[in-house]
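Structure assessment
Below are the chains, spelled out letter by letter.
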Amino acid sequence: MYFPGESRWNLVVKKKVCLLGEGAVGKTSLIRRFVTDQFDDQYIATIGTKVTKKEIVVKDKDDVRTKVDMTIWDIMGQEGFRELLKQSYFYGASGVIAVCDSTRMDTYEALEGWIEEVWGVAKKKVPMVFFANKTDLPETEVTEEDIDKIAKKFGTVGHMTSARTGENVEEGFEALAQTMLASDN
Ligand code: G3D
Ligand code: MG
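Everything in this summary refers to the structure shown in the same document.

Here we look at the pattern of salt bridges
Counted by the stated rule, this structure contains five salt bridges. Across the pair D101 and R104 runs a salt bridge whose closest N-O atoms are separated by 3.1 Å. Between K134 and D101 there is a salt bridge, with the nearest N and O atoms lying 3.2 Å from each other. Placement of K134 in the loop between β7 (128-133) and α6 (144-153) and of D101 in strand β6 (residues 95-101) is noted, with a sequence separation of 33 residues between them. For K134, a relative accessible area of 22% gives the class partly exposed. Among the residues examined, D101 registers a relative accessible area of 2% and is labelled buried. Within the structure, one salt-bridge network assembled from shared partners comprises D101, R104 and K134.

Looking at the packing of aromatic side chains
This model, assessed by the stated rule, comprises six aromatic pairs. On the basis of an interplanar angle of 65 degrees and a centroid distance of 5.6 Å, the ring pair of W119 and F154 is categorised as edge-to-face. With W119 in helix α5 (residues 111-122) and F154 in the loop between α6 and β8 (158-161), the pair connects residues that are 35 residues apart, well separated along the chain. A centroid spacing of 5.8 Å and a plane angle of 40 degrees characterise the contact between F130 and F154, whose relative ring orientation is tilted. Of the two residues, F130 sits in strand β7 while F154 sits in the loop between α6 and β8, which places them 24 residues apart along the sequence. When its relative accessible area of 0% is taken as the criterion, F130 is described as buried. Aromatic ring contacts, followed pair by pair, group F34, F131 and F173 into a single cluster.

Observations regarding helix α7 (residues 169-184)
Over its 16 residues, α7 extends 23 Å from the first C-alpha to the last, a length consistent with the 22 Å expected when each residue adds 1.5 Å. Restricting attention to buried positions, one finds in α7 the residues V169, G172, F173, A175, L176, A177, M180 and L181.

Some remarks on the site of ligand 1
As a matter of local geometry, ligand 1 sits amid 15 residues, with A24, K27, S29, D136 and A163 nearest to it. S29 has a polar side-chain atom sitting 2.6 Å from an oxygen atom of ligand 1. D136 has a polar side-chain atom sitting 2.7 Å from a nitrogen atom of ligand 1. Here ligand 1, which alone exposes 650 Å², has 65% of that area covered by the protein. Per-class residue counts for the shell around ligand 1 are four nonpolar, six polar and five charged.

Looking at the nonpolar core
In terms of nonpolar packing, the biggest core is built from 53 residues, with L19, V68, M70, I97 and F130 touching the most fellow members. It is α7 that provides the largest number of residues to this core, a total of seven residues. In contact with I97, other than residues within four places in its own chain, are V17, C18, L19, L20, V129, F131, F173 and L176.

What counts and what doesn't
Residues numbered from 1 in each chain as written. Chains lettered and ligands numbered in written order. Predicted model: local features only at pLDDT ≥ 70, side-chain atom pairs only at ≥ 80, totals over all residues. Heavy atoms only, no water. Salt bridge = Lys/Arg side-chain N within 4 Å of Asp/Glu carboxyl O. Helix = DSSP H or I, 4+ residues; strand = E, 2+ residues; numbered from the N terminus. Buried < 20%, exposed > 50% of the residue type's maximum accessible area, 1.4 Å probe, protein only. Phe/Tyr/Trp six-rings, centres within 6.5 Å; stacked < 30°, edge-to-face > 60°. Expected span 1.5 Å × (residues − 1). Near = heavy atom within 4 Å. Polar contact = N/O pair within 3.5 Å; in protein donor to acceptor, adjacent residues only side chain to side chain. Areas by Shrake-Rupley, 256 points an atom, 1.4 Å probe, with all protein chains shown as cover. Nonpolar A, V, L, I, M, F, W, Y, C, P; charged D, E, K, R; others polar. Core = buried A, V, L, I, M, F, W, Y, C linked by side-chain atoms within 4.5 Å. Contact = heavy atoms within 4.5 Å.

This is the structure in structure tokens:
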């Protein structure tokens, strides 16, 4: 679908985005922080996820704007998730945000296992970005160097975020949008 822009025709794309990571790292809080303009908010109780929509506009290097219509999936309960729900949750995902808690190293170490789960369901390497969340807290176990290291390993970028203060949250989601668009080419 196309819509008229100021100087160019721009593209609209629809993307399913999944947040993953251990319990209490801040997935739900990050979505709440990012989606201020929440217009279609529904619970899908049967599959244990919450789906929220958000549109953002990103510019490429030639200043061509693309509207990215994101459907953001949140895991509502962690218990039993891997076994029972991953098929429906990750099916058709266009992008993933892999989240750990910067105050808990074990949540960082769990990220690769989560990514293997996604790739197993999607049967391909889904575009992703990494967040180390809760940077507003003083106790730091996961550093910027750590998050950059795992991001580099998977050919992408990492961000230090705080759902509490909003630091880097929008930038992080935009980075995912850019990564998803780049992978379409
Ligand atoms: P989850 O969806 O990954 O399970 P939540 O995680 O978003 O439910 O967050 C778990 C707890 O961490 C919540 O605290 C939430 O307020 C807190 N939290 C999330 N993000 C941040 C952050 O950036 N900074 C700080 N300081 N806390 C954060 P409660 O106490 O409500 O359980
Ligand atoms: Mg949650």
